[in-house]
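# Residue-level structure breakdown
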Amino acid sequence: MGEKIKFSKGSWLENAGIVGIIRILGIDTDDDNGKNELVIVSSDLTNFSEKYFKYFVTKYGRCTKYHDIISFRGQIDDWISGNLEKFDEKDKKKLENLLNKIKQFVDSKSYEKVKELINSKFDVENALKKCRNYYREYNKLCKVEDNDNKKSTSILEMMLKEIGNIIDYFDRDDSHKYFPAKILCYKIISMGWNNVAFLNKNSKEKDFIKEYNDYFINPVVKYFNSNHDKDKYLCSTCGRRIKKGKRCSYSYSFINGMGYDVEKKKSNSWNYVNDLLICPICNFMYSAIPAGFNYNYFDGKGIFINYTRNLNELVKRNDAILTKMISDSGEANRNAKSPYAAFVNSFNFKSIESSKYNLANIQVINFDNSKGCKYIFTTVPKLASAVLYDCINKSFGTDDNLISVLENAWIKDYRGIDRYKILDDVVKRIINSANMDSLIYTIELLKATDSNDLNYNDFCISAILNINYLYYKELNKEGGLGCMTIDEKDLKKFRREGIIIRDAYRSKYNENKAKGLAYRLLQNLKANNQQEFLNNILNSYLYLDRIIPSEFISKQGQDIEFNQLGYAFVAGLISDSKDNVEK
């Protein structure tokens, strides 16, 4: 069995590392319910380095181009065994995309650094060159009228067989072991820690699995084989005795966003002597942080739920998030669920044991690689937990709730982000106890101005209006301000009123007037100018010979309720739907 190694729960860093070790070793924590420490034995470290990289390949491997290449084997076999004379433009496009992916992968640094570890003499670059020449020749023949079908089919067959040889090379056992793992060193592992071992730019060891073992595992084994009674220093994390020296003690600086370079910034330490040292065991634990965190492969964002009640719950909560995030992800569709969406959906608010305050006081750590490895720390307040509970349990449409309906809603190239996910903004606001007013203003304004870079509809806007109502309703309760005098029915009524005014303008062949009115009303709401808002509304109703809803008059001076009704009215004005979408 060997020496027992204990890891006690602590801050989010230690907890993320512990969750990572549990995931890598595949430990079942159900039997340890209620415990707050992880105990492994030194024999668990045997082959740990291989298990470490295998874990990342299992969880994130299908997001890589490498996976796309090897998974094309079935399609190649189908083409070869079928009638190649029926190979059409759609098939040709698929083949072209595959060749481009293979070229991109072969040109990458990951391929260049790993190919020497593969025990094969097959020349991928030369085979790819042949394939590309075959494709150019085949493409030329396809453009010629009355071309020789036998010749083009023969070229296509040779090309497919050569591509099959390339895929076979990448589908070898040693290729499976090294290629995707190397990609994930840079895409996933580097989001947790950097600049040491195989992520050190000056590293000369080509086998990164061996280097992980040498840097993180062997020092642990050596530590337990040595006597430490005379060691003068203590590990800053666990208190174990250590001595200074290479592979005897380490600093926190290799963890992203933590510590500092003790060699370059000695003045940061008291009397120029650094005493913030960690032992090889804690160094090993921190190396598992990337396995404990839950990352989105495509946008460099991650999340960790520091659920501190017990170890079993800590693991379960984070496993649920990771499962949600990677369930539908892949390089082909690039639709990994955002960390915020996965976070909300991982909590089963509809279970019998669930309560409104299931999320209250939980620490949420968000990571954003696009902002220089930035960590954002939030403790979920009771208000946010109650609002999220209501959102999940509020039916909206056929099979949706107020959260799920927003999962595919985004704005293109907004705030410097290729796809700005509206759900992320909504959940962030809820967690930070902020309203949706400015978000509603933005999405209604963009829709009113006919922007083409939008992927949301009337249904999404209505959902956010309802979420905003639930937020204010819970805020009033918590602040002891009493009940609100409007409800969801009023929001629907005023949205329908907006649709009626829009249709009245259309009947007079003045459809653009509805959007012009919407723009003016949004500016009034943003400036909190109720008088000007009512002037614009009154002019419209007089022009259309209609009676203005009395609520607009009675709610003057009640800013929150007036604005909610105003945004609901504008949602109707800019609606594309002919009928009420909330029926």
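Everything in this summary refers to the structure shown in the same document. (Residues numbered from 1 in each chain as written. Predicted model: local features only at pLDDT ≥ 70, side-chain atom pairs only at ≥ 80, totals over all residues. Heavy atoms only, no water.)

## Considerations on the overall build of the chain
Applicable threshold: Secondary structure elements are defined from DSSP: runs of H or I of at least 4 residues count as helices, runs of E of at least 2 residues count as strands, and each element is numbered from the N terminus. Throughout, exposure labels follow a simple rule: accessible area from a 1.4 Å probe, protein chains only, divided by the maximum for the residue type, with under 20% read as buried, over 50% as exposed, and the rest as partly exposed. Whether two residues touch is decided by their heavy atoms; if any such pair falls within 4.5 Å, the residues are in contact. What sets the accessible areas is the Shrake-Rupley method with a 1.4 Å probe; for residues, cover comes only from the shown protein chains.
Helix and strand counts for the chain stand at 23 helices and 11 strands. Looking at the chain residue by residue over its 583 residues, the buried ones come to 52%. The contacts of the chain with a sequence gap of at least 6 include a subset with a gap of at least 24, amounting to 72%. Entry remark: accessible area of the chain is about 28200 Å², with carbon and sulfur atoms responsible for 45%.

## As for the pairing of strand 6 (residues 301–306)
Along any regular strand the residues' side chains alternate between the sheet's two faces. Basically, it comes down to this: By the convention used here, strands pair only if DSSP detects at least 2 bridges between them.
Of all 6 residues in strand 6, 5 are buried; the element is thus mostly enclosed. As paired elements, strand 5 (residues 294–296) and strand 6 share 3 bridges and run antiparallel to each other. Each bridged residue has a counterpart across the sheet, and for asparagine 296 the counterpart in strand 6 is lysine 301. What sits between the antiparallel neighbours strand 5 and strand 6 is a turn of 4 residues, in which glycine 300 has the positive phi angle 70 degrees.

## Looking at the nonpolar core
Which entries qualify depends on this criterion: Residues grouped as a nonpolar core are buried Ala, Val, Leu, Ile, Met, Phe, Trp, Tyr and Cys residues, joined through side-chain atoms within 4.5 Å.
If you look at the biggest cluster of nonpolar residues, it comprises 189 residues, and the most contacted ones within it are Phe170 and Phe343. In terms of residue count, helix 18 (residues 458–478) provides more of this core than any other element does, 11 residues in total. Ignoring any residue separated from it by four or fewer positions in sequence, one finds phenylalanine 170 in contact with Tyr66, Ile69, Ile70, Phe105, Val106, Tyr111, Val124, Ser175, His176 and Phe179.

## Remarks on the packing of helix 17 (residues 437–448) against helix 20 (residues 511–526)
The line we're drawing: Where helices are involved, their axes are fitted lines through C-alpha atoms of the stretch in contact, as for all axes, and angles between N-to-C directions lie from 0 to 180°. Should an angle fall under 35 degrees it is called roughly parallel, over 145 degrees roughly antiparallel, and 65 to 115 degrees roughly perpendicular, with every other angle called oblique. Helix crossings are classified by the rotation of the near helix relative to the far one: an anticlockwise turn of less than a right angle makes the crossing left-handed, while a clockwise turn makes it right-handed. Classification convention: Asp, Glu, Lys, Arg as charged; Ala, Val, Leu, Ile, Met, Phe, Trp, Tyr, Cys, Pro as nonpolar; all other residues, Gly among them, as polar.
Viewed as axis vectors pointing N to C, helix 17 and helix 20 meet at an angle of 160 degrees, and their least axial separation amounts to 10 Å. Between helix 17 and helix 20, the crossing angle belongs to the class labelled roughly antiparallel. Here helix 17 and helix 20 pass one another in a crossing that is left-handed. Within the contact between the two elements, helix 17 uses Tyr441, Glu444, Leu445 and Ala448 and helix 20 uses Lys515, Ala518, Tyr519, Leu522, Gln523 and Lys526. Grouping the constituent residues of the contact of helix 17 with helix 20 by class yields 6 nonpolar, 1 polar and 3 charged.

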